[in-house]
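These are the residues of each chain, in order.
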Amino acid sequence: MLQSISHICLLALMSLLMLFSPLGWSKERQTPGCHLYPINVTIRSDRRGTCKGTHLVYACVGYCESSAFPSRYSVLVASNFTHNITSASRCCTISKDAKVKVRLDCPRGRHYDEIEILTAKTCRCDMCRKSRY
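Taking an unreviewed UniProt entry as the reference, the protein is identified by name as Glycoprotein hormones alpha chain belonging to Xiphophorus couchianus. Recorded under Sequence similarities (unreviewed entry), the UniProt text for the protein is reproduced unchanged: "Belongs to the glycoprotein hormones subunit alpha family."

The following block contains the structure:
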């Protein structure tokens, strides 16, 4: 049972990553700033989709200010002239999230346990980091 739940969570994460792919976003939809974006997520219990559930979740999309400029002389000296460009950037990220329960419905009325997934509640421009997940 625990193995199947972890398998479901892995499938859900892979589905979310595919949905978050920038190739799927239209430039017409992007507006300045960092904001919530609704996504319908379908979670399947296995590759055949024996049991599945759908839920509306939110992602943070948009863009934040960034810049790059020649480094100051003191930075050049301190880096032995290897750090010749300094950049400052902020990334659109989730500042508050929440867990939502998704019920997986199975054929012939069987019911699969509810699983919890995360959804964004608020977004903001913040320091860019490597992924936390």
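A.B. asks: Help me out: how do you make sense of unusual backbone geometry in this one?
C.D. replies: In terms of backbone geometry, most residues other than glycine have negative phi values and most peptide bonds are trans. Despite not being glycine, asparagine 80 has its phi angle at roughly 55 degrees, a positive value. By the secondary structure assignment, asparagine 80 is in the loop between helix H2 (73–78) and strand E4 (85–105). The exposed category is assigned to asparagine 80, whose relative accessible area is 63%. A positive phi angle, near 60 degrees, is found at phenylalanine 81, a position not held by glycine.

A.B. asks: What is the right way to look at the side chain of threonine 119 in this model?
C.D. replies: Here threonine 119 is to be found in strand E5 (residues 111–127). The class for threonine 119 is buried, based on a relative accessible area of 6%. Within the structure, threonine 119 has its side chain in polar contact with the backbone nitrogen of tyrosine 58 (distance 2.7 Å). With residues near it in sequence (within four places) discarded, threonine 119 still touches Val57, Tyr58, Lys96, Asp97, Ala98 and Val100.

A.B. asks: Explain the state of the cysteines to me, please; I cannot follow it from the model alone.
C.D. replies: Note on terminology: a disulfide is the covalent bond linking the sulfur atoms of two cysteines. Under the counting rule described, the total for this entry stands at five disulfides. Take the cysteines of the protein that form disulfides and number them in order along the sequence; they join up as 1-6, 2-7, 3-8, 4-9, 5-10.

A.B. asks: Teacher, can you tell me more about the nonpolar core here?
C.D. replies: Across soluble globular proteins, nonpolar side chains have a tendency to be buried as a group. Of all hydrophobic cores here, the largest spans 15 residues; its most connected members are Ile39, Ile43, Val57, Val102, Leu104 and Ile117. For this core, the elements supplying multiple residues, two or more each, are strand E1 (33–44), strand E2 (52–63), E4 and E5. For this core, the leading source of residues is E1, giving four residues. Listed in part, the five residues of the second largest apolar core include Cys34, Cys60, Cys64 and Cys123.

Conventions adopted
Residues numbered from 1 in each chain as written. Predicted model: local features only at pLDDT ≥ 70, side-chain atom pairs only at ≥ 80, totals over all residues. Heavy atoms only, no water. UniProt positions renumbered as here; feature names shortened; annotations may be inferred. Helix = DSSP H or I, 4+ residues; strand = E, 2+ residues; numbered from the N terminus. Buried < 20%, exposed > 50% of the residue type's maximum accessible area, 1.4 Å probe, protein only. Polar contact = N/O pair within 3.5 Å; in protein donor to acceptor, adjacent residues only side chain to side chain. Contact = heavy atoms within 4.5 Å. Disulfide = S-S within 2.5 Å. Core = buried A, V, L, I, M, F, W, Y, C linked by side-chain atoms within 4.5 Å.

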